[in-house]
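So you can see what is in the structure, the chains are spelled out below.
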Amino acid sequence: MAEKRLAIWVVVEQNQGKLAPVSIEVLGQAVRLVEAASALSGEVAVVLLGDQVEDLAEELSAYGVDQVYWVDDPRLKHYQNDSYAAVLQRLVEREKPDILLFGATGAGEELAPTLAARLSTGLAAHCTGLDINADGQLVMKVPAFGGRVLGEIFCPSTSPQMASIKPGTFTVTERRVGRGEIVREDASSLLFDEDIRLEIMDVVQFEPSGLPLEKADVVIAGGYGMGSKKNWGLLEQLAAELQGAVGCTRPALDEGWTAGEHTMIGTSGKTVRPKVYLGCGISGAAHHVAGIKDSGVIINVNRDALAPAHAYSDYCVTDDAKKVVEALLEEIRRTKNEDDSG
Amino acid sequence: MPELKFTEAQEMLRKAVREFVEKEVLPIAHRIDVDNECPVDVFKKMGTLGFAGVFVPQEYGGAGMGLTERAIILEEISRHAAGFAMILMTHHLGVEAILAYGTEEQKRKYLPDLASGRKIGGLAVTEPSGGSDVGGQQTSAEFKDGRWVLNGRKCFITNSSSADVTVVTARTGEDAKGRPAFGAFILEAGTPGFAPGREENKFGLRGSGTGDLLLNDCEVGEEALLGAPGNGAKLALATIAKVGRTGMSAISVGILRGCLEEGVKFAKERILYGKPIAKLQAIQLEIAQNRVDYEAARLLTYQAIGLKESGANCDAEIAAAKYFSTEAAVRSAKRTIDLMGGYGVMNDYPVGRYLRDAMATIPSGGTSHVMQLVIAGQTLA
Amino acid sequence: MEIAVLLKPVPDPAQYDKIQIDPATGILVRKGLKTVINPEDKHALEAALQLKEQHGGRVALIGMAPASAVETFREGLAIGADEAFLCSDRAFAGADSLATSRVLAKAINKAGPFALVLCGSTSADGGTAHVPSQVGELLGFAHLTHVIQMEISPDGRATVRAKMENGYRESRGRLPLVLGIRRELNTPRYISLMGIMAAQGKPVHVWSLNDLGLDKGKVGLAGSPTQPGKLYQPDMKRKGEVLQGEAREVAQRLVGIFRSAGILG
């Protein structure tokens, strides 16, 4: 009896010749799924679309994958929904993978549902857990109501089973030894000019300054309870003293106190898992907590003793956040001086 | 007796006003109190949304709603900033006087600007000789060569320096029985001989500037006369009862809700003996009383306004609503300060301002004593 | 310019902490939660109203929701839309994003034609961000989501910026388009009293499965390629030790906690 096959594809994302970090995170999950589903004959392939991205194809082949489907064409230089979806649709219809995984980036959140609609199949968004059950079905765990609720999703009767994963949901796994086969596809049979309805005019990306939130050992997060832009400066001082980074909630972002949207934590922002998270003036709405729940130690300072944030904390302080942050700054500076003089 | 139930449109209005107040007024509520200045820009923004002309028919540029909707607006603003609501409440006095007594020409001339908030309105009746003693007014209006010449001093006039259009009452002569007769005049800011005088320093409802209006040979044409020459006293009393007292009552309901909410918030936040003080029965009793005062004031206020809108004669019901709600607001603010202990007297919390605002609602539109006299008069009649 | 705005009534995101799963039935308990217009949809409506103010035309609200959601649509009319089409049928219940998009696309075609379909890029409740792209696909319109800037000329040329990680992508194309709007695009207007009055007289059409002529097997739970399994309430509770004392004492405790976590040397 022939072994049951399980082909998992990861659609990777590249911007200006660089792989998006989330693609590697997703790839790690694909490899894990195949390993876990040992009863099945599993294989992992990645799909890479771009213009002159041979080096990325090489790089990807070393991640423990069986194949790298590589489509190279000047028209694929930048992600564009029509061209990327057209190529992927033709590839998927030809190869019939069982599972298709995407990073839920700005591009991925367009490309994945587009493809799912074209293939009339199911897509689960922002999965926080993926498993293969005894029937060989993909079990996708997805958040709803800002992470307050998690639900299982199946895609029982259509194929492929599709899922997207938000950046930072999973940590990057080690690069595995081995080398997958690079399959260079002929773009001219996969992409036609009439597929493309929108023309990309410009792609602008900037490097955010400072330590990225997701790499910081200490995250100082501020919410509406910080009260003012002036008080916000205290959080930045504290982060500097602790060599950490400052994150924020949506209300604080809306007040214009923060460094920008790239510092927002939660379901519509970043997921962080620092050694220590210190929340200041944050009530602890579900959509924020979902982005910090895997942190090492969680501390919250909030005037409201009944704020949900306290329940999600290892330690909590019922007091004015500004006052506590000031005291903490003073204490840290004092102990540093003692250390220096001692 | 049916339940007090707002329509779907009224509920939507409340939601819309709340959103505006939380975004635009709440952040500056403390500053309005400290600076005692009318935030004209926010007033104008409010005007574009129809708050300034809520009960003005659409043909004059208003929203075409009624006094209930106006009360909802005042209540929602006063929940966070009663001083700011007082500016709107006073503006409506001027608007109502012109709407109820103006000629078609006067209405077309003034209401579109007032209803859209481009101009701020006011009503000036009180004089050093007294407010409720309407007949004691000394300000005079003499008719000379086809023009009215006004002289005198109005005092305790809200919006005295911010109003663009003020309806001013003045003695025009005597009636057939020899009693003083009064007229009402529409005066525009900047009219020669008409100017704001000294500004009072109120301890409550700050932001709504209150002060003197000075009339020194202020000369206006016949078209400035609002209503018949002998109609001024009736105009003043009717406008104050219909729009003034109901407005003060609605403002008090807003303050009461602010007190209730602040008290609840504090009781849940403040930890004593290891648990929120909301768990203490003594605190629960205070919260219950705040709730009852709020509910009762709300019922009396909207009931009286509903009666007025139905055309009923309800001076006593309005007086009762105003008397009860303003006094209840004072009690409730004091009670909330008490339950907050030392924090209650700190300006970090708004409740001290609520108490000052509540105190200041009492004299406006007639003191509690006057309200009781109105109620007793109707009851004993 | 004929514009459709997809409007979704959602439970107020400020109250998501109150959502529970009934331990006995495993079903979501969302009773007592206020229903509001999905926050990003307000930005889509604002964009539509601004375009109508520039170029004329009409703005129609289209959505799929229980009939009780009519008040939420009335609110959209008070903000300034001209009419509303509410797709409401028991058969639509339990729909995933694709089954929902089928209903919306059908309603757009029936109420249209529209040159432009705008919606929030993401809903606050489900939050999949699938609907803009899937409606676009089903209509056969080009589409973009996470839109933070757009310019649309009366002759139908469009230049649109879509947000990407730490930047944006600018595309050019022609109407018809479906655009998923982000909050960065604009500031929604407040509801005016005049708007509330006007809304009372604006038409709200309610369309059933039959009105739309849809196949029962293509909508609702039955027509959804994804099927829900168990629901969980993630247990994120921690010990919640309260640090008491004056700010200075608390600060000393915090420094200790930082140190034992390997921070501060």
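Coordinates for the structure precede this section.
(A) Quick peek at the environment of arginine 157 of chain C. Residues and elements named next belong to chain C. By secondary structure assignment, the location of arginine 157 is in strand E10 (residues 157-164). Note: C-alpha distance between arginine 157 and leucine 175 (18 residues apart in sequence) is 6.4 Å. When residues no more than four places from it in sequence are discounted, the contact partners of arginine 157 are Glu151, Ile152, Gly173 and Arg174. Side chain to side chain, arginine 157 and aspartate 155 meet in a polar contact 3.1 Å long.

(B) Local environment of the nonpolar core. In terms of nonpolar packing, the biggest core is built from 134 residues, with Phe84 of chain B together with Leu116, Leu118, Met150 and Leu179 of chain C touching the most fellow members. Core analysis: the next-biggest nonpolar cluster, separate from the first, contains 41 residues, Ile8, Val53, Ala124 and Ala163 of chain A among them.

(C) Fine view of the packing of helix H4 (residues 67-101) of chain B against helix H5 (residues 104-115) of chain B. Residue and element names in this part refer to chain B. Two elements in contact, H4 and H5, have axes separated by 10 Å at closest approach and are oriented at 155°. What the angle tells us is that H4 and H5 run roughly antiparallel. H5 is crossed by H4, and the crossing has left-handed handedness. Where H4 approaches H5, its residues His91, Val95, Ile98, Leu99 and Tyr101 are matched on the opposing element by Gln106, Lys107, Tyr110, Leu111 and Leu114. Counted by class, the contact of H4 with H5 contains seven nonpolar, two polar and one charged residues.

(D) Molecular detail of the interface of chain A and chain C. In this complex, chain A contributes 90 residues to the contact, which on the side of chain C involves 75 residues. Both sides together, the interface formed by chain A and chain C hides about 7,200 Å², and carbon and sulfur atoms give 60% of it. Contact with chain C buries surface across chain A, with Phe145, Arg148 and Leu198 of chain A losing the most and accounting together for 11% of the total. When the shortest N-O distance is used, the salt bridge between arginine 238 of chain C and aspartate 314 of chain A registers 2.8 Å. Seen at the junction of chain A and chain C, the total is 35 residue pairs in polar contact (both at pLDDT 80 or more). The element contributing the most residues to the side of chain A that touches chain C is helix H9 (residues 321-341) of chain A, with ten residues. Per-class residue counts for the side of chain A that touches chain C are 44 nonpolar, 22 polar and 24 charged. Pairing of strand E18 (residues 315-317) of chain A with strand E15 (residues 241-242) of chain C, which is carried by two bridges, proceeds in the parallel orientation. Within E15 of chain C, the residue paired with tyrosine 315 of chain A across the bridge is glutamate 241 of chain C.

Conventions used here
- Residues numbered from 1 in each chain as written.
- Chains lettered and ligands numbered in written order.
- Predicted model: local features only at pLDDT ≥ 70, side-chain atom pairs only at ≥ 80, totals over all residues.
- Heavy atoms only, no water.
- Helix = DSSP H or I, 4+ residues; strand = E, 2+ residues; numbered from the N terminus.
- Contact = heavy atoms within 4.5 Å.
- Polar contact = N/O pair within 3.5 Å; in protein donor to acceptor, adjacent residues only side chain to side chain.
- Core = buried A, V, L, I, M, F, W, Y, C linked by side-chain atoms within 4.5 Å.
- Buried < 20%, exposed > 50% of the residue type's maximum accessible area, 1.4 Å probe, protein only.
- Axes fitted to C-alpha atoms, helices over the stretch in contact; angles between N-to-C directions.
- Parallel < 35°, antiparallel > 145°, perpendicular 65-115°, else oblique.
- Left-handed = near helix turned anticlockwise from the far one by under 90°.
- Nonpolar A, V, L, I, M, F, W, Y, C, P; charged D, E, K, R; others polar.
- Buried area = accessible area lost by both parts, 1.4 Å probe.
- Salt bridge = Lys/Arg side-chain N within 4 Å of Asp/Glu carboxyl O.
- Pairing = 2+ DSSP bridges.

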